[in-house]
Amino acid sequence: MLIMANLFYKCVELSLWCVFSVALLSFIYLVMLAVNGVKVQRRKGYQDQPHFSILISVYNEELTLPSLLDSLENLDYPKSLISVLFVADHCTDNTVLVIKKSGFRVIERTGGELGKAVSIKYGINKIMDGMKGDGGYLAIFDADNVIDSDFLNSIVRALSKNIMVYQGNTTIENKYQSIFTRLNYINYCATNRFKELARSQAGLSCRLRGQGMVFNKSIIDQFSWDASTLVEDQEMLIDLVLKDYRVSWVYDAHVGSVIPSSISDSFVQRKRWSGGKNEIALSAIIRLLKKSIKDFDIVALDLMIDFLLPSYSVLICMIMLGTALSAIFLETTSFLVFGFIGLLVAFFTYYLLAARLESIPLKILFSIVFSPAYIVWRGWVFLLSLRGAKYWR
């Protein structure tokens, strides 16, 4: 029995060392990225104002559309250089009527497969003829977005001949609504500043968010706009990087979205996102690894690492679990105990620095005391999502 007990403790200690090593290496990589996001670098921008075709796929969104429609009306950009198209995908409510009353163009899809990727492709096919020859861009938004009035001007100021795809600075519109939305907002700020902005300013590719995405029309024909999973933005990102394009984060181009205000309402959405990413992870890692080795491509290598890295919440959940288990099974003076505690303190400092740089209001920042429960929930959702996800809406 004594031998079995010693073997058990050795296995526990070895497992904890593995968890600690993964967490430490992940945090080191995150810090190396974050250094590039401490200061915002702004470009001088273009002199000309290009044409923007705005595409939005909607499904039974009559209640959420008014805020988006108002923000489209209030865009501070020449109306002659903006065309808006809504694709109403199998809608059964008054979505189409609401859009028509606003004066924007809407086309209905009543047949075929239901899904965002399918409806986006359908919309692109409809507007491509109108985009030809105008030297313009395609901007894609979601029905629950609220677009900053200066969004398009901010994109124009960031335009570069070497960059074909841009991602706006996505944020949470209803951040004050609940403790849950406040915690999500804090996480958004840290991700946007220390991952997306940092990657972009380091010459890497930021991630596509599925909303606030802007594409130069000259590359649209190079992609099929098909998606086999529920994370069409991630699939598009992989295709872009494999074809030597990178996505540039536009810090001043703000677009907000309304998220579920409670854990129960958010569960399905989070499980879908995590499950969709898990479905494509292995294939993405293999393809990106081949690309990074063959072409010595650091952009592909970084994206591959991003697929390998746990999310903030999963990583912190691992550290919290490691702290508890090391305190239970190992001596309290063990290096692992102090190591895990040190990583927790380091992550707390990481978030505080992001909060300082992003000027997060104290009313929101104080919600961080509830973060352990939020992190455990996110970790649980991740475990449940390992099978993938089945439904888009």
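Note that the coordinates shown come from a computational prediction; the quantities given were computed from them, not determined experimentally.

(A) Examining the packing of aromatic side chains more closely. The final tally for this structure, using the stated rule, is 19 aromatic pairs. Here the aromatic rings of Trp17 and Phe20 are separated by 6.1 Å at their centres, their planes lie at 90 degrees, and the arrangement is edge-to-face. Linking Trp17 with Phe20, this pair stays in helix 1 (residues 2-34), spanning three residues, or about one helical turn. For Phe20, a relative accessible area of 7% puts it in the buried group. By relative accessible area, Trp17 is classed as partly exposed at 34%. Through a chain of ring-to-ring contacts, three or more aromatic side chains come together here, namely Phe27, Phe194, Tyr312, Phe347, Tyr350 and Tyr351. Across the ring face of Tyr122, the terminal group of Arg109 is positioned such that the distance to the ring centre comes to 5.6 Å. The ring of Tyr312 is capped by Lys195, whose NZ or CZ atom sits 4.4 Å from the centre of that ring.

(B) Just the sheet that holds strand 3 (residues 105-109), in detail. Across the sheet, which stays open at both edges, the eight strands sit in the order 3-2-1-4-7-6-8-5 with mixed pairing between neighbours. Looking along the sheet, the strands with just one partner apiece sit at the ends: strand 3 and strand 5 (145-147). Shown here is a sheet whose adjacent strand axes are inclined to one another by a mean of 30 degrees, direction ignored. As judged from the four bridges shared by strand 4 (residues 137-142) and strand 7 (residues 213-216), these two strands associate in the antiparallel manner. The partner of Leu138 across the bridge, within strand 7, is Phe215. Lying on the sheet, helix 5 (residues 151-158) is in contact with strand 1 (52-58), strand 2 (82-89), strand 4, strand 5, strand 6 (165-172), strand 7 and strand 8 (247-257); it crosses strand 8 at an angle near 175 degrees.

(C) A look at the packing of helix 6 (residues 179-201) against helix 11 (residues 335-357). Helix 11 packs onto helix 6 with a crossing angle of 85 degrees between their chain directions and a minimal axis gap of 9 Å. Judged by the angle between their axes, helix 6 and helix 11 are roughly perpendicular. Here Ile186, Asn187, Ala190, Arg193 and Phe194 of helix 6 lie close against helix 11, whose contacting residues are Tyr350, Tyr351, Leu353, Ala354 and Leu357.

(D) Highlighting the packing of helix 2 (residues 65-73) against helix 3 (residues 95-102). Closest axis-to-axis distance for the helix 2/helix 3 pair is 11 Å, and the angle between their directions is 25 degrees. For the element pair helix 2 / helix 3, the angle class is roughly parallel. Between helix 2 and helix 3 lies a crossing whose hand is right-handed. Where helix 2 approaches helix 3, its residues Leu65, Leu69 and Glu73 are matched on the opposing element by Thr95, Val98, Ile99 and Ser102. A breakdown of the residues in the contact of helix 2 with helix 3 according to their chemical character gives four nonpolar, two polar and one charged.

(E) Local environment of the environment of Phe348. Examined against the element boundaries, Phe348 turns out to sit in helix 11. Taking relative accessible area as the criterion, Phe348 reaches 43% and is therefore assigned partly exposed. Between the C-alpha atoms of Phe348 and Thr323, which are 25 residues apart in sequence, the distance is 15 Å.

(F) Seen up close, the pairing of strand 4. Burial analysis of strand 4 places six of its six residues in the buried class, which makes it a mostly covered element. With burial as the criterion, each face of strand 4 is covered, one bearing Tyr137, Ala139 and Phe141 and the other bearing Leu138, Ile140 and Asp142. In terms of strand pairing, strand 1 meets strand 4 through six bridges, oriented parallel. Within strand 4, the position partnered with Ile56 by the bridge is Phe141.

(G) Up close: unusual backbone geometry. A positive phi angle is found at Asn60, which is not glycine, with a value near 50 degrees. Tracing the backbone shows Asn60 in the loop between strand 1 and helix 2. Since its relative accessible area comes to 28%, Asn60 is described here as partly exposed. Even without glycine at this site, His90 takes up a positive phi of about 60 degrees.

About the cut-offs
- Residues numbered from 1 in each chain as written.
- Predicted model: local features only at pLDDT ≥ 70, side-chain atom pairs only at ≥ 80, totals over all residues.
- Heavy atoms only, no water.
- Phe/Tyr/Trp six-rings, centres within 6.5 Å; stacked < 30°, edge-to-face > 60°.
- Helix = DSSP H or I, 4+ residues; strand = E, 2+ residues; numbered from the N terminus.
- Buried < 20%, exposed > 50% of the residue type's maximum accessible area, 1.4 Å probe, protein only.
- Lys NZ or Arg CZ within 6 Å of the ring centre and 35° of its normal.
- Pairing = 2+ DSSP bridges.
- Axes fitted to C-alpha atoms, helices over the stretch in contact; angles between N-to-C directions.
- Contact = heavy atoms within 4.5 Å.
- Parallel < 35°, antiparallel > 145°, perpendicular 65-115°, else oblique.
- Left-handed = near helix turned anticlockwise from the far one by under 90°.
- Nonpolar A, V, L, I, M, F, W, Y, C, P; charged D, E, K, R; others polar.

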